[in-house]
Amino acid sequence: LRVRYAYSTKLFGRAFVQYNAQSNTIVTNARVNFRYAPLGDIFLVFTDRRDQQTGALGERTVALKVTRMLAF
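On a predicted model such as this, the values are computed, not experimentally measured, just so you know.

1. Comments concerning the pairing of strand S5 (residues 57-68)
Right, on to step 1. Note that strand S4 (residues 40-51) and S5 share 11 bridges and pair antiparallel. Bridging from a neighbouring strand, Phe 46 pairs with Val 62 of S5.
Right, on to step 2. Here S4 folds back onto S5, and the loop between the two strands holds five residues, one of which, Gly 55, carries a positive phi near 80°.

2. As for the pattern of salt bridges
Right, on to step 1. Across all of its chains, the model carries four salt bridges by this definition.
Right, on to step 2. Between Asp 48 and Arg 50 there is a salt bridge, with the nearest N and O atoms lying 3.1 Å from each other.
Right, on to step 3. By relative accessible area, which is 9% here, Asp 48 ends up buried.
Right, on to step 4. The exposure class of Arg 50 is partly exposed, given its relative accessible area of 30%.
Right, on to step 5. The partner of Glu 59 in a salt bridge is Arg 49, with the nearest N and O atoms 3.1 Å apart. Of the two residues, Glu 59 sits in strand S5 while Arg 49 sits in strand S4, which places them 10 residues apart along the sequence.
Right, on to step 6. By relative accessible area, which is 32% here, Glu 59 ends up partly exposed.
Right, on to step 7. With relative accessibility at 34%, the residue Arg 49 sits in the partly exposed group.

3. Comments concerning the layout of surface pockets
Right, on to step 1. A volume near 150 Å³ is recorded for the largest pocket.
Right, on to step 2. Taken together, Arg 2, Val 3, Arg 4, Arg 14, Ala 15, Phe 16, Asn 29 and Arg 31 make up the full set of residues lining the largest pocket.
Right, on to step 3. When contributions to the lining of the largest pocket are tallied by element, the ones reaching two or more residues are strand S1 (2-6), strand S2 (11-20) and strand S3 (25-37).
Right, on to step 4. When grouped by side-chain class, the residues that make up the lining of the largest pocket number three nonpolar, one polar and four charged.

The rules we used
Residues numbered from 1 in each chain as written. Predicted model: local features only at pLDDT ≥ 70, side-chain atom pairs only at ≥ 80, totals over all residues. Heavy atoms only, no water. Pairing = 2+ DSSP bridges. Helix = DSSP H or I, 4+ residues; strand = E, 2+ residues; numbered from the N terminus. Salt bridge = Lys/Arg side-chain N within 4 Å of Asp/Glu carboxyl O. Buried < 20%, exposed > 50% of the residue type's maximum accessible area, 1.4 Å probe, protein only. 1 Å grid on protein atoms, 1.4 Å probe; cavity = no way out; pocket = protein on both sides within 12 Å on 5 of 7 lines; lining within 4 Å. Points joined across faces, edges and corners; volume = space filled by probe spheres on them. Nonpolar A, V, L, I, M, F, W, Y, C, P; charged D, E, K, R; others polar.

Dropping the structure here:
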């Protein structure tokens, strides 16, 4: 399942949910992208991996990435 949504011309959101039948896990990945300047972005990413049968948490991460193009 994939979902993409644009709140405005500078703020975007994406979510991705995937089920792996072989390992019986569900992976959720959500990302918010804010464009604060031309060629400058801030990304906030949340990732969660769980076992489907037990509901046990396998992995959970939150990451923040800031990019800016410099001209010199």
